[in-house]
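Topology and contacts: notes
Listed below are the residues making up each chain.
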Amino acid sequence: MNTVNIHGGEVNGPIAVGPHARASVTHAGASPERSEIAALLDRLERLLAEHAGQVQEPERAARDAGDVRQELAEADPDRSRVLDALRRLSVRAGEVTAIVEVVDRIRELLG
């Protein structure tokens, strides 16, 4: 059993326990770009669900969106990995203008 018990005091930094455990830090003062990207990813996931019938390989498209979110949550996100996932999303959802617009806006914000 993997357990972390903290009694009193102060803890600074991420804590992860066990095989394949991951920890992340979310800063309350996130940049406006990060906040907008998070909102766009929420919208993207809703649009993918709403338009699943018009998206090629909808399960993989949803996985690509999840990969983008997960990678951007990393302390040092791999920009090329994110851009590759966004490119795949554009191809898979090319028939749905609203999805392509969200993907393009995320790309813009990433610079």
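Here is a short report on the structure shown in this document. (Residues numbered from 1 in each chain as written. Predicted model: local features only at pLDDT ≥ 70, side-chain atom pairs only at ≥ 80, totals over all residues. Heavy atoms only, no water.)

**Side note on the nonpolar core**
Ranked by internal contacts, the top residues of the largest apolar core, which has 22 residues, are Leu44, Leu48, Leu89 and Ile99. At the level of elements, helix H1 (32-50), helix H2 (58-72), helix H3 (79-92) and helix H4 (97-110) are the ones that each hand at least two residues to this core. With 6 residues, H1 is the largest single contributor of residues to this core. Among all residues touching leucine 44, those that are not within four sequence positions of it are Ala65, Leu89, Ile99, Val102, Val103 and Ile106. (Core = buried A, V, L, I, M, F, W, Y, C linked by side-chain atoms within 4.5 Å. Buried < 20%, exposed > 50% of the residue type's maximum accessible area, 1.4 Å probe, protein only. Helix = DSSP H or I, 4+ residues; strand = E, 2+ residues; numbered from the N terminus. Contact = heavy atoms within 4.5 Å.)

**Examining the packing of H1 against H2**
Running from amino to carboxyl end, H1 crosses H2 at an angle of 165°, the nearest separation of the two axes being 10 Å. Taken together, H1 and H2 sit at an angle that is classed as roughly antiparallel. Crossing handedness for the pair H1 and H2: left-handed. On H2, the residues touching Arg34, Ile37, Ala38, Leu41, Asp42, Leu44, Glu45 and Leu48 of H1 are Ala61, Ala62, Ala65, Val68, Arg69 and Leu72. The residue makeup of the contact of H1 with H2, split by class, is 10 nonpolar, no polar and 4 charged. (Axes fitted to C-alpha atoms, helices over the stretch in contact; angles between N-to-C directions. Parallel < 35°, antiparallel > 145°, perpendicular 65-115°, else oblique. Left-handed = near helix turned anticlockwise from the far one by under 90°. Nonpolar A, V, L, I, M, F, W, Y, C, P; charged D, E, K, R; others polar.)

**Digging into H1**
Think of an α-helix as 3.6 residues a turn; residues three or four steps apart then line up on the same face. Relative to the 27 Å expected for 19 residues at 1.5 Å per residue, H1 spans 27 Å between its end C-alpha atoms, a close match to the ideal helical length. Of all the positions in H1, only Ile37, Leu40, Leu41, Leu44, Leu47 and Leu48 are classed as buried. Projected down its long axis, H1 shows its buried positions confined to an angular sector of 130°, all on one face. For H1, the exposed residues lying more than 90 degrees away from the buried face are Pro32, Ala49 and Glu50. On the buried face of H1, the contacting elements are H2, H3 and H4. (Expected span 1.5 Å × (residues − 1). Arc of directions from axis to C-beta.)

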